[in-house]
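# Understanding the architecture of this molecule
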Amino acid sequence: VLCSLKRSQSELASYQEKIFKIDDYIGMAMAGLTADARVLCKYMRNECLNHKYVFESPHPMKRLINKVAEKSQIKTQRSSKRPYGVGLLVVGIDQDGPHLYETCPSGNLYEYYAYAIGARSQAARTYFEDNFKAFNNCDTEQLILHGLSALKKISQEENEVVPKSVEIAFVAEGVPFTVLKLEEIEEYFKKHETFKPQDQMEIVS
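Residues numbered from 1 in each chain as written. Predicted model: local features only at pLDDT ≥ 70, side-chain atom pairs only at ≥ 80, totals over all residues. Heavy atoms only, no water.

## Thoughts on the overall build of the chain
Counting its secondary structure elements, the chain contains six helices and eight strands. Along the chain, helices (α) and strands (β) appear in the sequence β-β-β-α-α-β-β-β-α-α-β-β-α-α when read from the amino end. Over its C-alpha trace the chain gives a radius of gyration of 17 Å, about what one expects of a compact globule, namely 17 Å for 205 residues. Expressed along its principal axes, the backbone C-alpha trace of the chain runs to roughly 50 × 40 × 30 Å. Across the 205 residues of the chain, 44% fall into the buried class. (Helix = DSSP H or I, 4+ residues; strand = E, 2+ residues; numbered from the N terminus. Rg over C-alpha atoms; globule rule 2.2 N^0.38 Å. Buried < 20%, exposed > 50% of the residue type's maximum accessible area, 1.4 Å probe, protein only.)

Here it is, written out as structure tokens:
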């Protein structure tokens, strides 16, 4: 599950898209320069298409993220280039199961059970650290509600986390990467009003 908080430059501007589909079972969220994210997204899409054309199978997640990390790291070695100013969270499912990777402008990559990046993300990471043991027993709907809870932890203003400023996507075994529409996000916000993460912990224990 990917949840992102979209931002707008002003009240007159639309919200900036932060979640992109890469392949049938791979998607990503970004934090940083959107233009750089689009460049890396296009690169990953081309790699997935080429792999599918040559090998007639989906691109393995680990190999794809290694390519992105190597591409990012090369940018740090050349004085004529600048590093990509964007961090990515890439989710997907391949023959080895579900994956969540983070890539950094430095070329580092990490795999996580749950993670948050971007401004004020520490509060969301703390929430995940407190609740991640319950995630194995959660269905997709409950994971989305946990994602909304983490987003609300980082909000500084009362109306900052609202349906139109939130983007949600998910992928599951047999379910392609799907970005939710505004009407579906509004339904999850209604369900979140009665959602209590501590109840999930009690079920696990």
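Having put the structure on the table, let's press on.
## Regarding helix 3 (residues 122–131)
Of all the residues in helix 3, the buried ones are Ala124, Arg125, Tyr127, Phe128 and Asn131. When helix 3 is viewed along its axis, its buried side chains cluster within an angular range of 155° and face the same direction. Exposed positions of helix 3 whose direction lies more than 90 degrees from the buried face are Glu129 and Asp130. (Arc of directions from axis to C-beta.)

## Some points on the state of the cysteines
Chemically, a disulfide is nothing more than a covalent bond linking the sulfur atoms of two cysteines. Considering all chains together, one arrives at zero disulfides under this definition. Cysteine 41 supplies the cysteine sulfur nearest to cysteine 104, a cysteine that is in no disulfide, at a spacing of 18 Å. (Disulfide = S-S within 2.5 Å.)

## Some details on a nonpolar patch on the surface
Taken together, the side chains of Tyr53, Val54 and Phe55 make up a nonpolar region of the molecular surface, amounting to roughly 430 Å² of accessible area. Tracing the sequence through the fold places tyrosine 53 in helix 1 (residues 34–55). Judged by relative accessible area, tyrosine 53 falls into the exposed class, the value being 74%. (Patch = residues over 30% accessible without salt bridge, like charges linked within 9 Å, V, L, I, M, F, W, Y side chains within 5 Å. Areas by Shrake-Rupley, 256 points an atom, 1.4 Å probe, with all protein chains shown as cover. Salt bridge = Lys/Arg side-chain N within 4 Å of Asp/Glu carboxyl O.)

## Digging into the pairing of strand 5 (residues 97–103)
With six of its seven residues buried, strand 5 lies for the most part within the structure. Joining the antiparallel neighbours strand 4 (residues 86–94) and strand 5 is a turn of two residues. Linking strand 5 back to strand 6 (residues 109–111) in an antiparallel pair, the connection comprises five residues, with glycine 107 at a positive phi of about 100°. (Pairing = 2+ DSSP bridges.)

## Here's the deal with unusual backbone geometry
The residue glutamate 56 is not glycine, and still its phi comes out positive at about 55°. Checked against the element boundaries, glutamate 56 lands in the loop between helix 1 and helix 2 (61–75). Residue classification places glutamate 56 among the exposed positions, given a relative accessible area of 71%. In this model, arginine 120 sits at a positive phi of 60°, which is unusual for a non-glycine residue. Relative to the helices and strands, arginine 120 is located in the loop between strand 6 and helix 3.

## A word on the nonpolar core
Phe128, Leu148, Leu151, Val166, Ile168 and Leu180 are the most contacted members of the largest nonpolar core, which totals 22 residues. Of all the secondary-structure elements, those providing two or more residues to this core are helix 3, helix 4 (140–154), strand 7 (166–172) and helix 5 (182–192). Counting residues per element, this core draws most heavily on helix 4, which supplies six residues. Apart from the residues lying within four places of it in its own chain, the contact partners of isoleucine 168 are Leu2, Cys3, Ile19, Ile144, Leu148, Thr178, Val179, Leu180 and Ile185. Of all hydrophobic cores here, the second largest spans 19 residues; its members include Met30, Ala37, Leu64 and Tyr84. (Core = buried A, V, L, I, M, F, W, Y, C linked by side-chain atoms within 4.5 Å. Contact = heavy atoms within 4.5 Å.)

## Let's talk about the sheet that holds strand 1 (residues 2–5)
Across the sheet, which stays open at both edges, the three strands sit in the order 1-7-8 with antiparallel pairing between neighbours. Each edge of the sheet is formed by a strand with only one pairing partner; in this case those strands are strand 1 and strand 8 (175–179). Direction aside, neighbouring strands of the sheet carry axes that sit 5° apart on average. Inspection of the sheet shows strand 1 paired to strand 7 by four bridges, in the antiparallel sense. Looking at strand 7, one finds that serine 4 is bridged to glutamate 167. (Axes fitted to C-alpha atoms, helices over the stretch in contact; angles between N-to-C directions.)

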